[in-house]
Structure formats: structure tokens, C-alpha cells
Amino acid sequence: MQTFKLPVRILVCSLVVLFAFSCRSVKQAKKDLIYLNEGSVDTLPNYQIDYREIPIQKNDLLSIVVFSDNIAATQFYNQNETPATANLTEGAGLAGASSQTATKAAGAGYLVDNDGNIRFQSLGRVRVEGLTRLQLMDTLASKLSRYLLNPYVDVRFLNARITVVGEVQRPGVFSLPGERVNVLEVIGMAGDLTVYGRRDNILVIREQNGKREFGRLDIRQANIFQSPFFYLQKNDVVVIEPVSKKPTATEQDN
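**A look at the sheet that holds strand β6 (residues 161-166)**
- One open sheet accounts for five strands, arranged β7-β6-β12-β9-β10; its pairing is mixed. Pairing within the sheet leaves two strands with one partner each, and these edge strands are β7 (172-175) and β10 (211-217). Each adjacent strand pair in this sheet contributes to an overall mean axis angle of 20°, direction not counted.
- Strand direction decides the pairing type here: β6 and β7, joined by four bridges, are antiparallel. Counterpart to Arg-161 in the pairing with β7 is Ser-175.

**Quick notes on the side chain of Gln-208**
- Checked against the element boundaries, Gln-208 lands in strand β9 (residues 202-208).
- Owing to a relative accessible area of 16%, Gln-208 belongs among the buried residues under this scheme.
- Polar side-chain contacts of Gln-208 include one of 3.4 Å to the side chain of Gln-233.
- Once you skip the residues sitting within four places of it in the chain, Gln-208 turns out to touch Gln-57, Glu-213 and Gln-233.

**Considerations on the nonpolar core**
- Of all hydrophobic cores here, the largest spans 44 residues; its most connected members are Ile-64, Phe-120, Leu-144, Val-153, Val-164 and Leu-232.
- Element by element, the count of residues in this core is highest for helix α6 (residues 133-144), at five residues.
- Setting aside its immediate chain neighbours within four residues, Phe-120 contacts Ile-64, Val-66, Tyr-77, Tyr-110, Val-126 and Leu-144.

**Brief notes about the packing of aromatic side chains**
- Per the counting criterion, the structure on display carries six aromatic pairs.
- Taking 5.2 Å as the distance between ring centres and 35° as the angle between the ring planes, the aromatic pair formed by Tyr-110 and Phe-120 counts as tilted. Here the residue Tyr-110 occupies a position in strand β2 (residues 110-111), and Phe-120 occupies one in strand β3 (residues 117-120), the gap between them amounting to ten residues. Like Phe-120, Tyr-110 is buried.
- Seen in terms of ring centroids, Phe-230 and Tyr-231 are 5.3 Å apart; in terms of plane orientation they differ by 75°. Their pairing is edge-to-face.

**Concerning the sheet that holds strand β5 (residues 152-157)**
- Taken together, three strands build an open sheet; the order of strands is β2-β1-β5 and the sheet is antiparallel. Looking at strand neighbours, the two that pair on one side only are β2 and β5, the edges of this open sheet.
- Bridging between strand β1 (residues 61-67) and β2 involves two bridges; their strand directions are antiparallel. Pairing of Leu-62 across the sheet is with Tyr-110, part of β2.
- Against the sheet, α6 touches β1 and β5, its axis set at about 145° to β5.

Scoring rules and cut-offs
Position labels on residues start from 1 in each chain and follow its written sequence. Local features in this predicted model are restricted to residues of pLDDT 70 or higher, and side-chain atom pairs are both shown and tallied only at a pLDDT of 80 or more, whereas totals for entire chains, interfaces and linings draw on every residue. Excluding hydrogens and water, the side-chain values take into account all heavy atoms of the structure. DSSP calls a pair of strands paired once it identifies at least 2 bridges connecting them. In this text, helices come from DSSP runs of H or I with a minimum length of four residues, and strands from runs of E with a minimum of two, each type numbered from the N-terminal end. To define axes, lines are fitted to C-alpha atoms, for helices over the stretch in contact only, and angles between the resulting N-to-C directions are given on a 0 to 180 degree scale. Think of it in three bands: residues with accessible area under 20% of the maximum for their type are buried, residues over 50% are exposed, and the middle band is partly exposed, with areas taken using a 1.4 Å probe on protein chains only. As used in this structure description, the phrase polar contact means that two N or O atoms lie within 3.5 Å; if the pair is within protein, one of them must be able to donate a hydrogen and the other to accept it, and residues adjacent in sequence are counted only when both atoms belong to side chains. Contacts are residue-level and defined by heavy atoms, with any inter-residue pair within 4.5 Å sufficient. Only buried Ala, Val, Leu, Ile, Met, Phe, Trp, Tyr and Cys residues count toward a nonpolar core, and they belong to the same one when joined by side-chain atoms within 4.5 Å. Aromatic pairs are defined between Phe, Tyr and Trp rings, using the six-membered ring for Trp, whenever the two ring centres lie within 6.5 Å; interplanar angles under 30 degrees are classed as stacked, those over 60 as edge-to-face, and all others as tilted.

In short, shape yes, function no, at least from these values alone.
The following block contains the structure:
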């Protein structure tokens, strides 16, 4: 029986190619784990911060606290004050224990209805959809000037949260510390991506103006700062997909 033997030279060349390919794969895999490694970060477009205030939408829940020089009269407008903002008014002497009791009984915050309006004391129905937080503050202060002396208003979102699912250390729903938060901050809040998370194809799902939008982010690229999805908005969902070669549970046990 005749056996087939590879020439030594071909065998050695094959091993060298296989070893080189393996080393390249390992180096590339390590490189893929590094954020912002593709391209130059310190370019002129990356210096520009395109930050836009989040507009108010239907079903948003708003905290609205009124201040003025008429301390006694102002209490009437803070009957729907939320427990989270109680410290704002207590320090100014604008709302007492009776106001907080009314809050717990009536519920917290102002819900934007399906027509984009809220109902506010003395003002009735107020159109708020499409306004930014600062615009609504100015609008309410202007309308309340008929009833109060030097009024000013604080408006905050009570439903500002982001959902992160997929290949992160701690998936879940996270309350935003402020209006301005970017995808890297949210990834940090979720404990960073696992080694199996795709860094080149992060999905952001956003509902805006009655439509659902989908954005893709590659956090290895330095130009990520220029993406309209780099800064996240309230109620965004961030999905971290696994790499195609993620081992199964059985393989990990072995």
C-alpha cells in the first residue's frame, strides 16, 4: 500500500502560515477590545460638541416646581410636588408638610397626555410637547407672572432612564444622572462590555415623534463623537450584540 507524504518544505511553510495567521488573529482580537483605536481622536470635527436639549414628548412625566416672591401664594402651584424635589422647596420655605401629604395622595409629577398637553393650576391645559425643558420653564414663568411676583420655574424629567441589554456586565434599566449622557457613560454604568460584546455594531433604539429610529455605533472609531446617537436620549434602548464566535455554555464548561 502506497502512502502519501508531504514534502518537508511544504509542511514547514504551512505551519509558518498557520502560526502567523493565529498571531494576527490574536492581535486583532485584542485590538478590537480597545475603544477609540481607529482613527485620530483629536481632529477638528471631534472638538465640536453637537448637544441638543431633549424635547418633551407624549407620556413624559415632568416634575414642575414653582418659585416666586409670594411664598404663601406659591404653595398653591406646588401641590403636585414630587418627593424627589421636596428638598428644593423646603429650603426656600415654599412648601410644607401639608403639600407633601397632598403629593403622596394625588401622585407625583405631571403626565403629558396623548395630545401633548399637561393641566396646570390656574393655567388649565398647557401645550408642552416639542418644547425643551428650558422653553417650558420660560413659558410657565411668563404665564404665572399674572398671578405671582417674579416667578421662576424648575422643570425636570422624572422618566429619564436608559435600558441596556446584551453583552454587558450588569444589564438593566438605569436612571440618568442628568439630561446629558453619552453611550460611553451608559456602558460604564452597565459595568462595561463583556469580552464577547461587539464593539463595532452597538444598536441604539430610539422612539421620537411617534416613530422608531435605529442607530449603529462603532465605539472603536474615533469619529463616534459625530454620530447623532452618541448622546443618548431618555427611554433609549442600547443593545450589545455578541460576537459570532461566542462559546456556548457547554464549551465554556469544558
